[in-house]
Amino acid sequence: MSATTQAADFGPIGGAIGETKPIIDARLRYEGVDQDPMAEDAEAVTLRARLGFETGKAWETALLVEGEFVWPWISDYNSTINGKTQYPVVADPESYEVNRLQLVNTSLPQTTITLGRQRITLDDQRFVGNVGWRQNEQTFDALRVVNKSIANLTFDVTYLDQVNRVFSKDSPQGRYEGDSFLGNVSYQFPVGKLTAFGYWLEFDPIPNVAAAVRDSSQTYGLRFAGERPLSKLKLAYAASYATQEQYSDNPLNFDNDYTLLELTGTYRQYSVGLGWEVMAGNGVKGFTTPLATLHKFQGWADKFLTTPVDGIDDKYLNAGFTLKGVGPLDTLGLQASWHEYQAERTSQDYGSEIDVQLQAKWKRFTGALKYADYSADGLFTDTSKFWVQVEYIW
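Everything numeric in this text was worked out from a predicted model, so none of it was measured.

A. Representation of the overall build of the chain in the model. Helix and strand counts for the chain stand at three helices and 18 strands. Computed over its C-alpha atoms, the radius of gyration of the chain comes to 22 Å, within 12% of the 21 Å expected for a compact globule of 394 residues. If one aligns the C-alpha atoms of the chain with their principal axes, the spans along those axes are about 70 × 60 × 45 Å. Buried residues in the chain amount to 45% of all 394 residues. In the chain, once contacts between residues fewer than 6 apart in sequence are set aside, the share between residues at least 24 apart is 57%.

Here's what the structure looks like:
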(Lines give C-alpha, C1' and ligand atoms only; values in the text may rest on other atoms or scores of the structure.)
Protein backbone atom coordinates (compact mmCIF):
# COMPACT_ATOMS: atom_id res chain seq x y z
CA MET A 1 0.00 0.00 0.00
CA SER A 2 1.45 3.39 -1.00
CA ALA A 3 2.03 6.26 1.46
CA THR A 4 -0.60 8.30 -0.38
CA THR A 5 -3.17 5.51 -0.03
CA GLN A 6 -2.32 5.04 3.66
CA ALA A 7 -2.68 8.80 4.28
CA ALA A 8 -6.02 8.85 2.48
CA ASP A 9 -7.30 6.26 4.99
CA PHE A 10 -7.13 8.99 7.65
CA GLY A 11 -9.69 11.15 5.84
CA PRO A 12 -9.35 14.46 3.97
CA ILE A 13 -6.47 15.76 6.11
CA GLY A 14 -4.51 12.55 5.69
CA GLY A 15 -5.14 12.64 1.95
CA ALA A 16 -3.92 16.23 1.75
CA ILE A 17 -0.76 15.37 3.66
CA GLY A 18 -0.13 12.40 1.40
CA GLU A 19 -0.25 14.64 -1.67
CA THR A 20 2.16 17.22 -0.23
CA LYS A 21 4.82 18.50 -2.63
CA PRO A 22 8.11 20.15 -1.61
CA ILE A 23 9.16 23.66 -2.65
CA ILE A 24 12.88 24.01 -3.31
CA ASP A 25 14.31 27.08 -5.05
CA ALA A 26 17.97 28.11 -4.64
CA ARG A 27 19.72 31.01 -6.38
CA LEU A 28 23.37 32.03 -6.14
CA ARG A 29 24.21 35.47 -7.49
CA TYR A 30 27.14 37.83 -7.95
CA GLU A 31 26.23 41.49 -8.45
CA GLY A 32 28.78 44.23 -9.08
CA VAL A 33 27.96 47.94 -9.24
CA ASP A 34 30.17 50.82 -10.45
CA GLN A 35 28.42 54.12 -9.71
CA ASP A 36 29.81 57.64 -10.06
CA PRO A 37 30.95 59.50 -8.01
CA MET A 38 31.31 56.80 -5.33
CA ALA A 39 34.93 55.78 -4.73
CA GLU A 40 34.04 52.19 -3.83
CA ASP A 41 32.46 49.67 -6.18
CA ALA A 42 29.89 47.28 -4.74
CA GLU A 43 30.43 43.53 -4.81
CA ALA A 44 27.73 41.20 -3.51
CA VAL A 45 27.64 37.42 -3.50
CA THR A 46 24.35 36.20 -2.05
CA LEU A 47 22.65 32.84 -1.78
CA ARG A 48 18.86 32.83 -1.70
CA ALA A 49 16.89 29.74 -0.72
CA ARG A 50 13.12 29.25 -0.68
CA LEU A 51 12.10 26.09 1.11
CA GLY A 52 8.63 24.87 1.97
CA PHE A 53 5.75 22.66 0.94
CA GLU A 54 2.26 22.70 -0.54
CA THR A 55 -0.28 20.14 0.60
CA GLY A 56 -3.00 18.47 -1.40
CA LYS A 57 -6.60 19.53 -0.82
CA ALA A 58 -8.78 18.81 2.20
CA TRP A 59 -12.33 20.16 1.89
CA GLU A 60 -11.14 21.84 -1.34
CA THR A 61 -8.47 23.73 0.62
CA ALA A 62 -4.67 23.48 0.32
CA LEU A 63 -1.97 24.89 2.60
CA LEU A 64 1.27 26.41 1.33
CA VAL A 65 4.18 27.25 3.66
CA GLU A 66 7.44 28.74 2.39
CA GLY A 67 10.43 30.31 4.11
CA GLU A 68 12.93 32.55 2.37
CA PHE A 69 16.54 32.91 3.46
CA VAL A 70 19.18 35.27 2.03
CA TRP A 71 22.82 34.77 3.06
CA PRO A 72 25.47 37.34 1.98
CA TRP A 73 28.76 35.54 1.30
CA ILE A 74 30.57 38.67 0.10
CA SER A 75 29.00 41.83 1.53
CA ASP A 76 30.95 44.77 0.10
CA TYR A 77 27.71 46.58 -0.69
CA ASN A 78 25.02 48.78 0.84
CA SER A 79 22.11 46.44 1.52
CA THR A 80 20.08 49.46 2.80
CA ILE A 81 20.27 48.11 6.39
CA ASN A 82 23.92 47.08 6.93
CA GLY A 83 25.28 50.63 7.31
CA LYS A 84 27.84 50.27 4.49
CA THR A 85 26.93 53.55 2.82
CA GLN A 86 30.39 53.91 1.23
CA TYR A 87 29.20 51.39 -1.37
CA PRO A 88 26.43 51.59 -3.99
CA VAL A 89 23.13 49.94 -3.10
CA VAL A 90 22.44 46.28 -3.80
CA ALA A 91 19.01 45.77 -2.25
CA ASP A 92 19.58 42.16 -1.14
CA PRO A 93 19.89 42.35 2.66
CA GLU A 94 20.49 39.34 4.85
CA SER A 95 17.08 38.05 5.86
CA TYR A 96 15.29 35.03 7.29
CA GLU A 97 11.53 35.23 7.10
CA VAL A 98 8.25 33.68 6.06
CA ASN A 99 7.81 34.37 2.37
CA ARG A 100 4.41 32.72 1.84
CA LEU A 101 1.88 31.26 4.24
CA GLN A 102 -1.48 30.81 2.57
CA LEU A 103 -4.67 28.79 2.32
CA VAL A 104 -6.14 28.26 -1.15
CA ASN A 105 -9.81 27.28 -1.42
CA THR A 106 -11.60 26.20 -4.61
CA SER A 107 -14.94 25.06 -3.19
CA LEU A 108 -16.96 27.68 -5.10
CA PRO A 109 -17.50 26.98 -8.82
CA GLN A 110 -14.79 28.52 -11.04
CA THR A 111 -13.49 30.50 -8.05
CA THR A 112 -10.13 30.52 -6.27
CA ILE A 113 -9.87 32.19 -2.85
CA THR A 114 -6.40 32.75 -1.39
CA LEU A 115 -5.94 33.94 2.20
CA GLY A 116 -2.64 34.79 3.83
CA ARG A 117 0.85 35.84 2.79
CA GLN A 118 0.97 35.29 -0.96
CA ARG A 119 2.54 36.16 -4.29
CA ILE A 120 0.44 38.43 -6.53
CA THR A 121 1.33 39.38 -10.10
CA LEU A 122 -1.13 41.22 -12.34
CA ASP A 123 -0.82 41.67 -16.11
CA ASP A 124 2.77 42.67 -17.00
CA GLN A 125 3.55 43.51 -13.31
CA ARG A 126 3.80 47.23 -14.11
CA PHE A 127 1.40 47.98 -11.24
CA VAL A 128 1.45 44.84 -9.08
CA GLY A 129 4.23 42.25 -9.00
CA ASN A 130 6.51 40.13 -6.84
CA VAL A 131 9.84 41.86 -7.68
CA GLY A 132 11.19 38.43 -8.56
CA TRP A 133 14.59 39.76 -9.62
CA ARG A 134 15.62 40.67 -6.07
CA GLN A 135 16.68 37.88 -3.75
CA ASN A 136 14.00 38.74 -1.16
CA GLU A 137 10.68 38.47 -2.97
CA GLN A 138 7.84 40.94 -2.46
CA THR A 139 4.70 39.27 -1.11
CA PHE A 140 1.35 40.47 0.24
CA ASP A 141 -0.74 39.74 3.33
CA ALA A 142 -4.07 39.61 1.57
CA LEU A 143 -7.41 38.06 0.72
CA ARG A 144 -7.69 37.46 -3.02
CA VAL A 145 -10.69 36.17 -4.99
CA VAL A 146 -10.43 35.15 -8.65
CA ASN A 147 -13.63 34.16 -10.47
CA LYS A 148 -13.92 32.74 -14.01
CA SER A 149 -17.59 31.71 -14.07
CA ILE A 150 -18.26 33.50 -17.35
CA ALA A 151 -16.37 32.27 -20.40
CA ASN A 152 -13.36 34.48 -21.28
CA LEU A 153 -14.12 36.84 -18.37
CA THR A 154 -11.96 37.01 -15.21
CA PHE A 155 -12.73 38.96 -12.05
CA ASP A 156 -9.71 39.40 -9.78
CA VAL A 157 -10.17 41.38 -6.55
CA THR A 158 -7.83 41.68 -3.56
CA TYR A 159 -7.86 43.29 -0.15
CA LEU A 160 -4.39 43.66 1.35
CA ASP A 161 -3.20 45.15 4.63
CA GLN A 162 0.57 44.60 4.39
CA VAL A 163 3.21 44.66 1.67
CA ASN A 164 6.32 42.65 2.54
CA ARG A 165 8.92 44.52 0.52
CA VAL A 166 12.36 43.45 -0.73
CA PHE A 167 14.20 45.41 1.99
CA SER A 168 13.30 42.76 4.65
CA LYS A 169 11.39 43.04 7.90
CA ASP A 170 14.46 44.57 9.62
CA SER A 171 14.27 47.72 7.48
CA PRO A 172 12.10 50.74 8.40
CA GLN A 173 10.75 50.58 4.83
CA GLY A 174 10.49 46.80 4.78
CA ARG A 175 6.75 46.74 5.47
CA TYR A 176 4.01 48.98 4.07
CA GLU A 177 0.79 48.68 6.10
CA GLY A 178 -2.68 50.02 5.39
CA ASP A 179 -6.02 49.11 3.81
CA SER A 180 -5.54 48.70 0.06
CA PHE A 181 -7.75 47.24 -2.68
CA LEU A 182 -6.86 45.84 -6.10
CA GLY A 183 -9.51 45.37 -8.78
CA ASN A 184 -8.66 43.76 -12.12
CA VAL A 185 -11.27 42.61 -14.66
CA SER A 186 -10.28 41.13 -18.03
CA TYR A 187 -11.98 39.73 -21.11
CA GLN A 188 -10.21 37.54 -23.66
CA PHE A 189 -11.07 38.46 -27.25
CA PRO A 190 -9.74 36.50 -30.24
CA VAL A 191 -7.22 39.29 -30.92
CA GLY A 192 -6.13 39.93 -27.36
CA LYS A 193 -7.03 40.54 -23.73
CA LEU A 194 -8.73 43.75 -22.60
CA THR A 195 -8.24 44.59 -18.93
CA ALA A 196 -9.81 47.31 -16.79
CA PHE A 197 -8.20 47.95 -13.43
CA GLY A 198 -8.54 50.10 -10.33
CA TYR A 199 -5.97 50.16 -7.53
CA TRP A 200 -6.60 51.98 -4.27
CA LEU A 201 -3.40 52.03 -2.23
CA GLU A 202 -3.45 53.34 1.33
CA PHE A 203 -0.17 53.25 3.25
CA ASP A 204 0.20 54.23 6.88
CA PRO A 205 2.89 56.81 7.76
CA ILE A 206 6.31 55.39 8.68
CA PRO A 207 8.71 57.51 10.78
CA ASN A 208 11.52 58.92 8.62
CA VAL A 209 10.14 57.21 5.46
CA ALA A 210 8.25 59.97 3.66
CA ALA A 211 7.65 57.85 0.56
CA ALA A 212 5.20 55.54 2.35
CA VAL A 213 2.23 57.85 2.85
CA ARG A 214 3.16 59.85 -0.27
CA ASP A 215 2.70 56.69 -2.35
CA SER A 216 -0.94 56.42 -1.29
CA SER A 217 -2.80 56.72 -4.58
CA GLN A 218 -5.86 55.77 -6.59
CA THR A 219 -5.22 54.54 -10.12
CA TYR A 220 -7.69 53.66 -12.89
CA GLY A 221 -6.73 52.27 -16.26
CA LEU A 222 -7.15 50.05 -19.30
CA ARG A 223 -4.74 47.62 -20.95
CA PHE A 224 -4.98 45.67 -24.19
CA ALA A 225 -2.42 43.02 -25.16
CA GLY A 226 -2.36 40.20 -27.67
CA GLU A 227 -0.56 38.59 -30.58
CA ARG A 228 -1.37 37.54 -34.13
CA PRO A 229 0.42 35.42 -36.74
CA LEU A 230 1.26 37.17 -40.02
CA SER A 231 2.51 34.46 -42.37
CA LYS A 232 5.82 33.35 -40.80
CA LEU A 233 5.95 36.39 -38.51
CA LYS A 234 4.25 36.58 -35.10
CA LEU A 235 3.24 40.09 -34.06
CA ALA A 236 2.72 40.92 -30.36
CA TYR A 237 1.25 44.22 -29.23
CA ALA A 238 0.34 46.01 -26.00
CA ALA A 239 -1.23 49.36 -25.16
CA SER A 240 -2.11 50.74 -21.75
CA TYR A 241 -3.40 53.98 -20.28
CA ALA A 242 -3.98 54.95 -16.64
CA THR A 243 -4.69 58.03 -14.59
CA GLN A 244 -3.65 58.54 -10.97
CA GLU A 245 -4.48 60.88 -8.08
CA GLN A 246 -3.58 61.15 -4.41
CA TYR A 247 -5.55 58.95 -2.01
CA SER A 248 -6.35 58.72 1.69
CA ASP A 249 -3.93 60.75 3.88
CA ASN A 250 -1.45 61.58 1.14
CA PRO A 251 -0.52 65.25 1.75
CA LEU A 252 0.42 65.82 -1.90
CA ASN A 253 -1.91 66.86 -4.69
CA PHE A 254 -1.38 65.37 -8.15
CA ASP A 255 -3.18 64.12 -11.25
CA ASN A 256 -0.75 62.19 -13.45
CA ASP A 257 -1.19 59.90 -16.45
CA TYR A 258 0.53 56.74 -17.69
CA THR A 259 0.83 55.57 -21.30
CA LEU A 260 2.42 52.47 -22.84
CA LEU A 261 2.70 51.41 -26.49
CA GLU A 262 4.69 48.32 -27.45
CA LEU A 263 5.10 46.24 -30.62
CA THR A 264 7.23 43.09 -31.06
CA GLY A 265 7.81 40.95 -34.12
CA THR A 266 9.11 37.37 -33.88
CA TYR A 267 10.45 35.32 -36.79
CA ARG A 268 11.45 31.80 -35.87
CA GLN A 269 13.89 32.22 -32.95
CA TYR A 270 14.52 35.94 -33.53
CA SER A 271 12.59 38.91 -32.16
CA VAL A 272 12.71 42.70 -32.45
CA GLY A 273 10.49 45.12 -30.55
CA LEU A 274 10.07 48.77 -29.81
CA GLY A 275 8.15 50.59 -27.12
CA TRP A 276 7.27 53.92 -25.60
CA GLU A 277 6.37 54.31 -21.93
CA VAL A 278 5.47 57.66 -20.40
CA MET A 279 4.86 58.36 -16.71
CA ALA A 280 3.77 61.94 -16.08
CA GLY A 281 4.94 64.22 -13.28
CA ASN A 282 3.68 67.60 -12.07
CA GLY A 283 6.95 68.89 -10.62
CA VAL A 284 6.06 67.62 -7.13
CA LYS A 285 5.15 63.96 -7.66
CA GLY A 286 5.69 61.54 -10.51
CA PHE A 287 3.29 58.73 -11.45
CA THR A 288 3.97 56.06 -8.84
CA THR A 289 3.86 52.25 -8.98
CA PRO A 290 5.12 51.16 -5.53
CA LEU A 291 3.85 47.56 -5.88
CA ALA A 292 5.41 46.95 -9.31
CA THR A 293 8.23 44.66 -10.35
CA LEU A 294 10.24 47.76 -11.15
CA HIS A 295 13.37 46.02 -12.44
CA LYS A 296 11.43 44.92 -15.54
CA PHE A 297 10.91 48.52 -16.66
CA GLN A 298 13.04 51.53 -17.64
CA GLY A 299 16.32 49.66 -17.70
CA TRP A 300 18.10 47.11 -15.54
CA ALA A 301 20.42 49.69 -13.98
CA ASP A 302 17.42 50.62 -11.77
CA LYS A 303 17.94 54.37 -12.03
CA PHE A 304 14.22 55.13 -12.06
CA LEU A 305 12.75 52.90 -9.36
CA THR A 306 11.10 56.11 -8.14
CA THR A 307 9.60 58.21 -10.93
CA PRO A 308 11.22 61.68 -11.06
CA VAL A 309 8.94 64.56 -10.05
CA ASP A 310 8.92 65.77 -13.68
CA GLY A 311 7.95 62.31 -14.90
CA ILE A 312 9.81 60.17 -17.41
CA ASP A 313 9.56 59.45 -21.13
CA ASP A 314 11.24 56.13 -22.04
CA LYS A 315 11.70 55.12 -25.67
CA TYR A 316 13.25 51.68 -26.06
CA LEU A 317 14.27 49.03 -28.55
CA ASN A 318 14.58 45.30 -27.77
CA ALA A 319 16.17 42.49 -29.79
CA GLY A 320 17.05 38.90 -29.08
CA PHE A 321 17.07 35.27 -30.08
CA THR A 322 16.60 31.86 -28.44
CA LEU A 323 18.21 28.63 -29.61
CA LYS A 324 17.10 25.15 -28.56
CA GLY A 325 19.26 22.08 -28.06
CA VAL A 326 22.65 23.81 -28.03
CA GLY A 327 25.03 21.06 -26.92
CA PRO A 328 23.83 19.84 -23.51
CA LEU A 329 21.68 22.96 -23.00
CA ASP A 330 17.92 22.92 -23.39
CA THR A 331 17.90 26.59 -24.48
CA LEU A 332 20.37 29.42 -24.99
CA GLY A 333 19.13 32.97 -25.42
CA LEU A 334 20.54 36.45 -25.94
CA GLN A 335 18.58 39.64 -25.24
CA ALA A 336 19.60 43.28 -25.68
CA SER A 337 17.77 46.56 -25.00
CA TRP A 338 18.46 50.23 -25.61
CA HIS A 339 16.67 53.06 -23.76
CA GLU A 340 16.55 56.82 -24.26
CA TYR A 341 15.14 58.81 -21.33
CA GLN A 342 13.85 62.33 -20.85
CA ALA A 343 11.58 64.23 -18.48
CA GLU A 344 7.91 64.05 -19.44
CA ARG A 345 7.10 67.57 -18.19
CA THR A 346 10.20 69.54 -19.20
CA SER A 347 11.80 67.30 -21.88
CA GLN A 348 15.12 67.45 -19.98
CA ASP A 349 17.58 64.77 -21.10
CA TYR A 350 17.79 61.96 -18.53
CA GLY A 351 20.45 59.93 -20.35
CA SER A 352 20.46 56.55 -22.06
CA GLU A 353 21.08 52.89 -21.25
CA ILE A 354 22.07 49.63 -22.89
CA ASP A 355 21.24 46.22 -21.35
CA VAL A 356 22.45 42.78 -22.42
CA GLN A 357 21.64 39.30 -21.07
CA LEU A 358 22.82 35.80 -22.00
CA GLN A 359 20.69 33.05 -20.44
CA ALA A 360 20.84 29.26 -20.58
CA LYS A 361 18.63 26.44 -19.25
CA TRP A 362 19.66 22.89 -18.47
CA LYS A 363 17.14 20.60 -16.82
CA ARG A 364 16.20 22.29 -13.51
CA PHE A 365 19.03 24.85 -13.69
CA THR A 366 19.00 28.36 -15.20
CA GLY A 367 22.17 30.41 -15.59
CA ALA A 368 22.55 34.02 -16.67
CA LEU A 369 25.14 36.68 -17.42
CA LYS A 370 23.61 40.16 -17.34
CA TYR A 371 24.99 43.68 -17.88
CA ALA A 372 23.50 47.18 -17.70
CA ASP A 373 25.23 50.44 -18.53
CA TYR A 374 23.50 53.77 -17.85
CA SER A 375 25.04 56.98 -19.19
CA ALA A 376 23.77 60.02 -17.37
CA ASP A 377 23.14 63.55 -18.47
CA GLY A 378 22.36 66.19 -15.85
CA LEU A 379 20.45 65.02 -12.77
CA PHE A 380 21.71 61.44 -12.50
CA THR A 381 25.03 59.59 -12.28
CA ASP A 382 26.73 57.08 -14.58
CA THR A 383 26.10 53.53 -13.38
CA SER A 384 27.07 50.10 -14.65
CA LYS A 385 25.99 46.76 -13.19
CA PHE A 386 27.05 43.19 -13.84
CA TRP A 387 25.42 39.95 -12.67
CA VAL A 388 26.28 36.26 -12.76
CA GLN A 389 23.72 33.89 -11.34
CA VAL A 390 22.64 30.26 -11.24
CA GLU A 391 19.20 29.13 -10.06
CA TYR A 392 17.82 25.69 -9.30
CA ILE A 393 14.07 25.08 -9.03
CA TRP A 394 12.63 21.74 -7.98
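B. A look at the environment of Pro 12. Mapped onto the elements, Pro 12 comes out in helix α2 (residues 11-18). Taking relative accessible area as the criterion, Pro 12 reaches 41% and is therefore assigned partly exposed. C-alpha separation for the pair Pro 12 and Trp 59, spaced 47 residues apart in sequence, amounts to 6.8 Å. Other than its neighbours up to four places away in sequence, Pro 12 contacts Lys 57, Ala 58 and Trp 59.

C. Region of interest: the side chain of Thr 158. Within the secondary structure, Thr 158 is located in strand β7 (residues 153-164). By relative accessible area, which is 5% here, Thr 158 ends up buried. Not counting chain neighbours up to four residues away, the residues in contact with Thr 158 comprise Ile 120, Ala 142, Leu 143, Arg 144, Ser 180, Phe 181 and Leu 182.

D. Molecular detail of the packing of aromatic side chains. Enumeration according to the criterion identifies 23 aromatic pairs in this entry. A ring pair is formed by Phe 224 and Tyr 237, whose centres lie 6.2 Å apart and whose planes are at 15°; its orientation type is stacked. Of this pair, Phe 224 sits in strand β10 (residues 217-230) while Tyr 237 sits in strand β11 (residues 233-246); the two residues are 13 residues apart in sequence, bridging distant segments of the chain. Taking the relative accessible area as the measure of exposure, Phe 224 reaches 26% and is therefore partly exposed. Following the ring pairs from residue to residue traces out a cluster consisting of Phe 127, Phe 197, Tyr 199, Tyr 258 and Phe 287. The positively charged end of Arg 126 is found above the aromatic ring belonging to Phe 297, 4.4 Å away from the centroid. The cationic tip of Lys 370 hangs over the ring face of Trp 387; the distance from NZ or CZ to the ring centre is 5.5 Å.

E. Molecular detail of the side chain of Thr 383. Checked against the element boundaries, Thr 383 lands in strand β18 (residues 383-393). Here Thr 381 takes part through its backbone oxygen, which lies 3.2 Å from a polar atom of the side chain of Thr 383. Setting aside chain neighbours within four positions, we find Thr 383 in contact with Val 33, Asp 34, Gln 35, Lys 303, Ala 372, Asp 373 and Tyr 374.

F. Quick look at the nonpolar core. Core analysis: the biggest nonpolar cluster contains 35 residues, and Phe 127, Val 128, Phe 140, Leu 182 and Tyr 199 have the highest contact counts within it. Secondary-structure elements contributing two or more residues to this core are β6 (139-147), β7, β8 (175-189), β9 (192-201), β12 (255-267), β14 (312-326) and β17 (365-375). When residues of this core are assigned to their parent elements, the largest contribution, three residues, is made by β9. Not counting residues up to four positions away in its chain, the partners in contact with Tyr 199 are Leu 122, Asp 123, Phe 127, Val 128, Phe 181, Leu 182, Gly 183, Asn 184, Ser 217, Gln 218 and Thr 219. One finds Val 33, Tyr 77, Tyr 87 and Val 90 within the second-largest nonpolar core, a separate group that totals six residues.

G. Structural detail: the pattern of salt bridges. Taken as a whole and judged by the stated rule, the model has 22 salt bridges. The closest approach of N and O atoms between Glu 227 and Lys 234, which form a salt bridge, is 3.9 Å. A residue is classified by how much of its surface remains accessible, and Glu 227, at 46% relative accessible area, is partly exposed. The residue Asp 302 makes a salt bridge to Lys 385 at a minimum N-O spacing of 3.7 Å. One end of the pair, Asp 302, is in the loop between β13 (270-279) and β14; the other, Lys 385, is in strand β18, with 83 residues separating them in the sequence.

H. Geometry of the pairing of β10. Relative to β10, β9 runs antiparallel, the two being bridged by nine bridges. Bridge pairing links Leu 194 to Phe 224 in β10. Counted along the chain from β10 to the antiparallel partner β11, the turn is two residues long, and its residue Ser 231 has a positive phi close to 60°.

I. Inspection of the environment of Glu 340 at higher detail. Mapped onto the elements of the fold, Glu 340 is located in strand β15 (residues 329-342). Between the C-alpha atom of Glu 340 and that of Ile 354, which follows or precedes it by 14 residues, the distance is 9.2 Å. The contacts of Glu 340, once residues within four sequence positions are left out, are Asp 313, Asp 314, Lys 315, Asp 349, Gly 351 and Ser 352.

J. Spatial organisation of the pairing of strand β5 (residues 111-118). Where strand β4 (residues 95-105) lies against β5, five bridges are found, and the strand directions are antiparallel. Its bridge partner being in β5, Leu 103 is matched across the sheet by Leu 115. Where β4 folds back on β5, the antiparallel hairpin that results is connected by five residues, among which Gln 110 adopts a positive phi of roughly 55°. Of the strand pairs in this sheet, β5 and β6 are connected by eight bridges, and their pairing is antiparallel. Across the sheet, Thr 114 pairs through a bridge with Arg 144, a residue of β6.

Analysis parameters
- Residues numbered from 1 in each chain as written.
- Predicted model: local features only at pLDDT ≥ 70, side-chain atom pairs only at ≥ 80, totals over all residues.
- Heavy atoms only, no water.
- Helix = DSSP H or I, 4+ residues; strand = E, 2+ residues; numbered from the N terminus.
- Rg over C-alpha atoms; globule rule 2.2 N^0.38 Å.
- Buried < 20%, exposed > 50% of the residue type's maximum accessible area, 1.4 Å probe, protein only.
- Contact = heavy atoms within 4.5 Å.
- Phe/Tyr/Trp six-rings, centres within 6.5 Å; stacked < 30°, edge-to-face > 60°.
- Lys NZ or Arg CZ within 6 Å of the ring centre and 35° of its normal.
- Polar contact = N/O pair within 3.5 Å; in protein donor to acceptor, adjacent residues only side chain to side chain.
- Core = buried A, V, L, I, M, F, W, Y, C linked by side-chain atoms within 4.5 Å.
- Salt bridge = Lys/Arg side-chain N within 4 Å of Asp/Glu carboxyl O.
- Pairing = 2+ DSSP bridges.

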